[in-house]
Amino acid sequence: MEKVEANGDAINVNIKFGGRTIPVSLSSDSTVRDLKSLLQPLTNVLPRGQKLIFKGKVLADESTLKSSEVSNGVKIMLMASQGLHQGDGPIKKDVPAPSNLRRNANANQVKEKREITVEKSRTERWKATGVIALSECNLRAIPDEVWNCGPSARVLDLSHNSVEDVPAKIGILSSIQKLLLNANEIRDNSISWEGLTSLKSITNLSLSQNHLTTLPSSLDALARLTQLDIANNELTSLPDEIGHLTQLQVLKANNNRIHVIPSSIGDCTCLVEVDLSANLLLELPEAFSNLHNLKALHLSNNGLKSLPPTLFKMCIRLSTLDLHGSEITMDLLRQLEGWEDFDKRRRLKHQKQLDFRAGGSAEFDEGADKRF
């Protein structure tokens, strides 16, 4: 049996999982989350897919073993959530070794067949559900078996890995609707935009937390896109063709180096939320006022000194405006046509928060510099 050692005043606990017992040694001051991390390489089950049960209760991640009354020698049951594992799935009970050589040979054949079945079951499960869940699997490349799913795949989650290359054959996944590639190592020269923009059914695309410096004009081929997350990259601009994404509802482009927004953004009239915070913007195009469905606009930590003059008048659903870290003054906001109606919507939305504020202040505090 495998055993994980821990420094300090250690206790030994026995984890019951998959028909076997896993002995683990760690400090009584360790948290349940620490225990789950130790179990991940021993079980192939990701921490967020682990449910540890002791004395009929599920142990909370933040609790220490001591506060949970876990003492030396106790038994804890581990239940794994389906789909939340890495590699070839949960590590199961080993096949007992028969005594004679012939039975050993048979056992090896059974073991090989079992491994093939596990691998096959993963691919078949992906095909059956349409969901390929590979988040947090320490991947450096997209596994070849992903491509075997072809048009049966609807969701591909490769987030929080170290994937560098997005090859042209990603176009094989022609029915993909949700593609999560955030928190990887993707660069401009390692992503095939030709392959990616051939995914005509995609509605949700996340490329945040990578190393992209530019987006191609061919992005407009993703005509069904409703959510685009390109935050935390190194982008300096958005392509003019972004205006062709007329079904786009959520655009997250915060924490980049964008210094100008194309006026074509005004054609994305389905936009409900836009986050452009932490960029290098000095102004917004007047076309922003065409976003009549806009409810939330995040512009903090830019160099903005003004807003489009008809923003409040035309964006009649806008109720959240974040201007922290900008040079826009309260006097300027009050001079904009439609300010009163916006302020009413803002107050109505935040009424509960306002009721609990010290002194009951209901002043606009979305980050505007109060210079009187």
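Rules used in this analysis
Residues numbered from 1 in each chain as written. Predicted model: local features only at pLDDT ≥ 70, side-chain atom pairs only at ≥ 80, totals over all residues. Heavy atoms only, no water. Pairing = 2+ DSSP bridges. Helix = DSSP H or I, 4+ residues; strand = E, 2+ residues; numbered from the N terminus. Contact = heavy atoms within 4.5 Å. Axes fitted to C-alpha atoms, helices over the stretch in contact; angles between N-to-C directions. Core = buried A, V, L, I, M, F, W, Y, C linked by side-chain atoms within 4.5 Å. Buried < 20%, exposed > 50% of the residue type's maximum accessible area, 1.4 Å probe, protein only. Phe/Tyr/Trp six-rings, centres within 6.5 Å; stacked < 30°, edge-to-face > 60°.

Moving on to the sheet that holds strand E1 (residues 10-17). On the basis of which strands lie adjacent, the open sheet formed by five strands has the order E2-E1-E5-E3-E4 and mixed pairing. Only two strands of the sheet have a single neighbouring strand rather than two, namely strand E2 (20-27) and strand E4 (57-58). As judged from the two bridges shared by strand E3 (residues 50-54) and E4, these two strands associate in the antiparallel manner. Following the sheet pairing, Ile53 is matched in E4 by Val58. Strand contacts of helix H1 (residues 32-43): E1, E2, E3 and strand E5 (75-80), with the helix running at about 135° to E2, the strand carrying the most contacts.

What follows deals with the nonpolar core. Of all hydrophobic cores here, the largest spans 69 residues; its most connected members are Leu179, Leu284, Phe288, Leu297 and Leu307. When residues of this core are traced back to their parent elements, those giving at least two are helix H3 (144-147), helix H4 (193-196), helix H5 (311-314), helix H6 (330-335) and helix H7 (339-349). Among the nonpolar cores identified, the runner-up in size contains 20 residues, and Ile15, Phe17, Leu26 and Leu35 belong to it.

Read from one edge to the other, the open sheet built from nine strands follows the order E6-E7-E8-E9-E10-E11-E12-E13-E14, with strand pairing classed as parallel. The open sheet terminates on both sides in strands that have one partner only, identified here as strand E6 (131-133) and strand E14 (320-322). Direction aside, the axes of adjacent strands within the sheet are offset by 5° on average. Judged from the three bridges that link them, strand E10 (residues 227-229) and strand E11 (residues 250-252) form a sheet pairing that is parallel. Residue pairing across strands places Asp229 opposite Lys252, the latter belonging to E11.

Turning our attention to the packing of aromatic side chains. Describing an aromatic ring pair means giving the distance of the ring centres and the angle of the ring planes. In this structure the tally under the stated criterion is three aromatic pairs. Ring centres of Phe312 and Trp339 lie 5.9 Å apart, and the angle between their planes is 55°; on these two criteria the pair is classed as tilted. Of this pair, Phe312 sits in helix H5 while Trp339 is found in helix H7, placing the two residues 27 residues apart along the sequence. Among the residues examined, Phe312 registers a relative accessible area of 2% and is labelled buried. On the numbers, 4.6 Å between centres and 10° between planes, the contact of Phe312 with Phe342 is stacked. One end of the pair, Phe312, is in helix H5; the other, Phe342, is in helix H7, with 30 residues separating them in the sequence. Side by side, Phe312 and Phe342 carry an identical accessibility label, which is buried. Within the aromatic cluster, the residues linked to one another by ring pairs are Phe312, Trp339 and Phe342.

Moving on: the environment of His324. Checked against the element boundaries, His324 lands in the loop between E14 and H6. Sequence separation of His324 and Asn302 is 22 residues, and the distance between their C-alpha atoms is 8.5 Å.

Let us look at the pairing of E3. On E3, burial follows the alternation: Gln50, Leu52 and Phe54 on one face are buried, whereas Lys51 and Ile53 on the facing-out side are not. Note: E3 against E5, four bridges, orientation antiparallel. Its bridge partner lying in E5, Ile53 is registered against Met77. Where E3 folds back onto E4 in an antiparallel hairpin, the turn is made up of two residues, including Lys55, whose phi is positive at roughly 55°.

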